[in-house]
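In case you want the letters, here they are:
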Amino acid sequence: MIDQAQVAEGFSSTHRNFTRFFEVLLAAFAFIACLTGISASASAATLSVAIGGTDAGDCQSSDCATLQYAIDQSVSGDVIEIGPGQFAGASVDSTDITIRGAGRSATNTTIVPASSPLTPCDPVTGWTGVICVYASTVTIRDLIVDGQDQGGINNQFSGIHLIDSGGLVSNVETLGTQVGPIDESDGGYGISALDSDGNYRKLRVFNSYIHGFQSAGIVSTSDSFSSAYLEMQVDETEIAGRGDTDSLPQNGIDFETGLTLSATGNLFRDLAFKGTSGETASGILLEDVGKADVSGNRFSDVQAGVNGELACGCTELKVRGNTFTGQVVTDPSFPEVAGVTLTQGAVSIEGNTFEMTRDPTNDLQVAIQLWPGFFLLQTEITGNTIVGAQVGILAQSGLVGESNVNVEGNRIAGNETGIENDSPDPILARNNWWGCNDGANLAGCDSTVGDDIAVEPHVVMSVGALPSNIYADGGQSQITASLRKNSVGGQVCGCMPDTDLGFTTDLGSVDPSGELLDGLATSVLTAGSSTGTAMVEATLDAETQSVPVLVKAAPTGPTGDVGATGDTGPTGEVGPTGDVGPTGDTGPTGEPGPTGDVGPTGDTGPTGDTGPTGETGSTGATGSTGPTGLTGLTGSTGETGSTGATGATGPTGPTGATGTTGATGSTGSTGETGSTGTTGSTGSTGSTGATGSTGTTGATGSTGSTGSTGATGSTGSTGATGSTGSTGATGSTGATGSTGATGSTGLTGSTGSTGPTGDTGPEPEIKAPKVSRIGGPVAVVPADRTFRAVKVKCLSGKCQIRRAVVSALVRGRSVAARSLFDGGSFRAGHSRTIRVKIRNRGAWLDLIPGTKSGSVVISVNVTSNNGLRTTQSLRIGLRR
């Protein structure tokens, strides 16, 4: 007997080898073309479709009326431009082209179903689409695809359906691919992609809006895991569901069977299910995928943000930097809500924020839910913020050895239960922040439930001040809150998530909030006129730590030298003479006494000798020393040195003895074999029909008539049916006569002359690039010293930022700064941002928080290919 599986495998192998040979041959032709200067795109043309056009000609000299006609006239490399208005959908088969509309805003291009119902564009699966692409690489951009709610009359209906195809879908809106009115019918997608031929290809969806679908915004699947070679990338796209519907669970992206997915910068919203079927709605549903990276997305009001139903241990999944918020209503039949829920594979959950709000209808609301299965679930959970959940991390039941979970560097706070372990395998949850310094399962901190959860050591918060003494009336101290050490004094991983802390003080003023970056948050205490000890507090979750800062009066300076005596001022005028007072009464005159006799004058005695000089007195005591002047402020502490290398791991302890194997139970007796029924007799084989005569060749090259089919042999009579007797074989059909030769094709008629060229349209308005300041007149410079300063918008043609020169002042001093921007070209309607980086950290510290204390002047030079140039200088104030 021929093994059909071997035949299929042989055919598949031959097909792959031929495909590889063909790819090499094409590469060789491309190389030769490059050497000889032949351009592969030399024959590329632009075809146009517009309202009022005519389906005639090649769609180049005049507009065509329909998209399908233009596609039929195109070859690989061509561009089909569709004007504003509504047009019927179409199919692309084995042609690599670009389909470009007029946009999806006020002046838009809308593509609608070509018929009702549609003819299936995939003959194998019978799927349908407004735009169908088969075995091609296409670009579809700048248009709207409206399915007009025809999901109920078309099989597996999509806005854009791709079969064994890749390319780009950009700036496209899809809607109306649901059933109207909404029911429980499956199918109905914004974009769908089927992969089956084993050839690698890539499909990108960028800057699009997908809504009004039935089952999923984007769905992609493959025939089997081994033949899956499609890589899909979805970026900057919004996928919106219908909210808490009770008709059918919706998924934002449904990705299946060995494919590779990258989803970054997207918004998934309003995806919830409150029906009674026990199912859930997911932002991203991963079923048997080979590899997936889900990074930087927002999940708002979604029942299961990332739902990984991974059936193979070889799956690799990264969930990084996403935000999960909102609240959903559920039905009692399935009341579960989760940010991330996973089964098997190697999974990294890093740097995400889980801030979902529990609804009263939720019986289980969890941030991260793990379901161990047959293959190992290897999970690394690091640097996440997990707050406000019923259960932060939940490991469901399984078998020993099916789960390996490591949880480190996370903020797990304000949850009813921080970690619950219902599995038989341990969870290593060391070096996490549990909401307070005491650690898990103590008052103020999150708790754990279940066996074998390692929670020590845990992260603790400390607060410091530098300097710790400041003067009143404007003195400042930097306050630093740190989560860089654990409860035994060791350094932690440095992967703590960015978090806002609160700061308060009972004396002076302090910046009320600070952002925790790499485990550190800073604020600045500024002293007022009062003196004393300021108690500055930092608060995170249920923990408050304080640090004292002494505020003292500034000392009086020494008295200066006495200055020189100034010149004597002019003499003032003499005042008037006062009146003479009255003369007093004269007293009585006394009687004169008698005059005595005058005695003789004595001789002058000799002068005495001069006495000896007295001893010099002792020197007086030295005066006391004056008070010592105040010590200057302590300089800032230098950067912490790098951590030393980790010591070698100690020797592994001896393995414990293996327990004895239990006795094998006895095998039960085999039951008796039942008797075989008798085989019925085989029916006789019918006679072979006669071969038909060969048809004659047509005189003018027409196909010869087909020979008549020989009569079918009669079917042999069926033998009597025994207990297991088989039906007699059917006689074979006679051979078909050969087809006559096809006549030669007539000569192609000559091409008609080219019609006259139409009048040239009006010249488009040319506008110069626009340069403007981002935000207000004063920018806040963050701790990394880089901020967004200037926005450059291209208004016409293609633009390029040639130069951005920055000069900066901080407190009147010139400091080093530089500009950061993308120097590549960008087209009209798009913008580029110029950032500024203050290069010196000391200059950043000199900026005063909340007060303009510096400025930058940015001179920007922008050119566009229409010849216009803009040079502009902008001044921006700076503060911390």
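All residue numbers refer to position in the chain's written sequence, counted from 1. For this predicted model, a pLDDT threshold of at least 70 governs which residues receive local features, and a threshold of 80 or more governs which side-chain atom pairs are given and counted, while totals over whole chains, interfaces and linings are taken from all residues. Hydrogens are left out, water is left out, and the side-chain values use all remaining heavy atoms of the structure.

### A few points about the overall build of the protein chain
Inference 1: Labels follow the DSSP assignment, with helices taken as runs of H or I lasting at least four residues and strands as runs of E lasting at least two, numbered in each case from the N terminus. Looking only at helices and strands, the protein chain features three helices and 57 strands.
Inference 2: Think of it in three bands: with a 1.4 Å probe and only protein chains considered, a residue is buried below 20% of the maximum accessible area for its type, exposed above 50%, and partly exposed in between. Considering the protein chain as a whole, with its 880 residues, one finds that 40% of them fall into the buried category.
Inference 3: Between two residues, a contact is recorded if the distance between any of their heavy atoms is within 4.5 Å. Within the protein chain, contacts between residues at least 6 apart in sequence are counted, and of these 71% link residues at least 24 apart.
Inference 4: Accessible area for the protein chain stands at about 48,000 Å²; split by element, carbon and sulfur atoms hold 50% of it. Here the accessible surface of atoms and residues is derived via Shrake-Rupley with a 1.4 Å probe, and residues count as covered only by protein chains that are part of the display.

### Things to note about unusual backbone geometry
Outside of glycine, negative phi angles account for most residues, and trans bonds account for most peptide bonds.
Inference 1: Residue Pro-117 is bonded to the preceding Ser-116 through a cis peptide linkage, with omega at 5 degrees.
Inference 2: Tracing the backbone shows Pro-117 in the loop between strand E6 (109-112) and strand E7 (128-134).
Inference 3: At Asn-431, a position not held by glycine, the phi torsion is positive, near 55 degrees.
Inference 4: Structurally, the position occupied by Asn-431 is in the loop between strand E36 (427-428) and strand E37 (448-450).

### Remarks on the state of the cysteines
Inference 1: Disulfide assignment relies on a single distance test, namely cysteine sulfur atoms paired within 2.5 Å. Following the criterion strictly, the structure yields four disulfides and no others.
Inference 2: Across the disulfide, Cys-121 is cross-linked to Cys-132 (sulfur-sulfur distance 2.1 Å). Disulfide Cys-121-Cys-132: the torsion about the S-S bond is -60 degrees, which places it as left-handed. Of this pair, Cys-121 sits in the loop between E6 and E7 while Cys-132 sits in strand E7, placing them eleven residues apart in sequence. In terms of burial, Cys-121 and Cys-132 fall into one category: buried.

### Remarks on the packing of aromatic side chains
Inference 1: Only Phe, Tyr and Trp rings take part, Trp by its six-membered ring, and two of them pair if their centres are within 6.5 Å. Stacked means planes under 30 degrees apart, edge-to-face means over 60, and tilted covers everything else. A full pass over the atoms with the stated rule returns four aromatic pairs.
Inference 2: For the ring pair Phe-268 and Phe-299, a centre distance of 5.0 Å and an interplane angle of 5 degrees mean the geometry is stacked. Note that Phe-268 is positioned in strand E19 (residues 267-273) and Phe-299 in strand E22 (residues 298-302), a separation of 31 residues in sequence. For the pair shown, Phe-268 and Phe-299 are each scored as buried.
Inference 3: On the basis of an interplanar angle of 5 degrees and a centroid distance of 4.7 Å, the ring pair of Phe-324 and Phe-354 is categorised as stacked. A residue pair is termed long-range when its members are at least 10 positions apart, and Phe-324 in strand E25 (residues 323-326) and Phe-354 in strand E28 (residues 353-356) qualify at 30 residues.
Inference 4: Judged by relative accessible area, Phe-354 falls into the buried class, the value being 1%.
Inference 5: Through successive ring pairs, a cluster of aromatic residues spans Phe-268, Phe-299, Phe-324 and Phe-354.

### Things to note about a positive patch on the surface
Inference 1: Put simply, a patch holds well-exposed residues, over 30% relative accessible area, that have no salt bridge, with like charges counted together within 9 Å and Val, Leu, Ile, Met, Phe, Trp or Tyr side chains within 5 Å. A pairing counts as a salt bridge when a side-chain nitrogen of Lys or Arg comes within 4 Å of a carboxyl oxygen of Asp or Glu. Charged residues are defined here as Lys and Arg on the positive side and Asp and Glu on the negative side; His and the ends of the chain fall outside this count. Throughout, a charge is located at the NZ atom of Lys, the CZ atom of Arg, the CG atom of Asp or the CD atom of Glu. Judged by side-chain charge, Lys-770, Arg-788, Lys-791 and Lys-793 come together as a positively charged surface patch.
Inference 2: It is strand E50 (residues 786-793) that provides the largest number of residues to the positive patch, a total of three residues.
Inference 3: For Arg-788, the location among the structural elements is in strand E50.

### Brief notes about empty space enclosed by the protein
Inference 1: Site definitions follow a grid-based scheme: protein atoms alone, a 1 Å grid, a 1.4 Å probe that fits but cannot get out for cavities, and for pockets an open set with protein on both sides within 12 Å along at least five of seven lines, plus lining residues having an atom within 4 Å of a point. Grid points are joined across faces, edges and corners, and a volume is the space filled by probe spheres set on the points. The tally for this structure, following the rule as stated, stands at one cavity of 30 Å³ or more.
Inference 2: What the largest cavity holds in volume is close to 40 Å³.
Inference 3: In this structure, the largest cavity is lined by Asp-301, Val-302, Thr-325, Gly-326, Gln-327, Val-328, Val-337, Met-356, Thr-357, Asn-362 and Gln-365.
Inference 4: At the level of secondary structure, the elements contributing two or more residues to the lining of the largest cavity comprise E22 and E25.
Inference 5: Across the lining of the largest cavity, the residue classes tally to four nonpolar, six polar and one charged. The residue classification treats Ala, Val, Leu, Ile, Met, Phe, Trp, Tyr, Cys and Pro as nonpolar and Asp, Glu, Lys and Arg as charged. All others, Gly included, are polar.

### So, the sheet that holds strand E43 (residues 509-510)
Inference 1: By the convention used here, strands pair only if DSSP detects at least 2 bridges between them. If you trace the four strands from one edge of the open sheet to the other, you get E39-E41-E45-E43, paired in antiparallel fashion. Sheet topology places strand E39 (459-466) and E43 at the edges, where each strand pairs with a single neighbour.
Inference 2: Alignment of E43 against strand E45 (residues 520-526), held across two bridges, turns out to be antiparallel. Opposite Val-510, over in E45, you have Leu-525 as the bridge partner.

### Here's the deal with the pattern of salt bridges
Inference 1: Evaluated as defined, the whole model comprises 13 salt bridges.
Inference 2: A salt bridge links Glu-238 to Arg-269; its shortest N-O distance comes to 2.6 Å. One end of the pair, Glu-238, is in strand E16 (residues 238-245); the other, Arg-269, is in strand E19, and 31 residues separate them in sequence.
Inference 3: For Arg-269, a relative accessible area of 24% puts it in the partly exposed group.
Inference 4: Among the charged side chains, a salt-bridge network with shared partners connects Arg-100, Arg-141 and Asp-142.

### Side note on the environment of Glu-408
Inference 1: Here Glu-408 shows up in strand E33 (residues 403-408).
Inference 2: Taking relative accessible area as the criterion, Glu-408 reaches 23% and is therefore assigned partly exposed.
Inference 3: Each C-alpha atom, one on Glu-408 and one on Arg-430, is 5.6 Å from the other, the two residues being 22 residues apart in sequence.
Inference 4: The residues contacting Glu-408, other than those within four sequence positions of it, are Ile-381, Thr-382, Gly-383, Arg-430, Asn-431, Asn-432, Cys-493 and Cys-495.

### A few points about the pairing of strand E17 (residues 251-256)
Inference 1: Of all the six residues making up E17, five are buried; the element is thus mostly covered by neighbouring parts of the structure.
Inference 2: Pairing between strand E14 (residues 216-222) and E17: four bridges, direction parallel. Note on E17: the bridge partner recorded for Ile-218 is Ile-253.
Inference 3: Taken together, the five bridges between E17 and strand E20 (residues 282-287) define a ladder with parallel strand orientation. Residue pairing for E20: Ile-253 is matched across the bridge by Ile-284.

### Quick notes on the confidence of the model for the protein chain
Inference 1: Scored from 0 to 100, pLDDT reflects the predictor's confidence in each residue. With 69% of its residues at a pLDDT of 70 or more, the protein chain shows a mean pLDDT of 78.
Inference 2: Contacts from residues 652-763, a stretch scored under 50 in pLDDT, to residues over four places away or in other chains number 65 contacts.

### Quick look at the sheet that holds strand E53 (residues 817-820)
Inference 1: Strand order across the open sheet formed by four strands is E48-E50-E55-E53, with antiparallel pairing between neighbours. Whereas interior strands pair on both sides, the edge strands pair on one side only; in this sheet they are strand E48 (770-773) and E53. The average angle at which neighbouring strand axes cross in this sheet is 25 degrees, direction not considered.
Inference 2: As paired strands, E53 and strand E55 (residues 831-838) are joined by four bridges and run antiparallel to one another. Each bridged residue has a counterpart across the sheet, and for Arg-818 the counterpart in E55 is Lys-837. Working convention: axes come from line fits to C-alpha atoms, limited for helices to the stretch in contact. Angles between N-to-C directions cover 0 to 180 degrees.

### Topic: the pairing of strand E23 (residues 304-309)
Inference 1: A large share of E23 lies buried, amounting to five of its six residues.
Inference 2: In terms of strand pairing, E20 meets E23 through five bridges, oriented parallel. Residue pairing across strands places Leu-285 opposite Asn-307, the latter belonging to E23.
Inference 3: Pairing of E23 with strand E26 (residues 336-342), which is carried by four bridges, proceeds in the parallel orientation. Residue Asn-307 lies in a different strand from E26, and its bridge partner there is Thr-341.

### Remarks on the environment of Thr-98
Inference 1: Along the chain, the position of Thr-98 falls in strand E5 (residues 98-100).
Inference 2: As for Thr-98 and Ser-76, which are separated by 22 residues in sequence, their C-alpha atoms are 8.9 Å apart.
Inference 3: Other than its neighbours up to four places away in sequence, Thr-98 contacts Asp-78, Val-79, Ile-80 and Thr-139.

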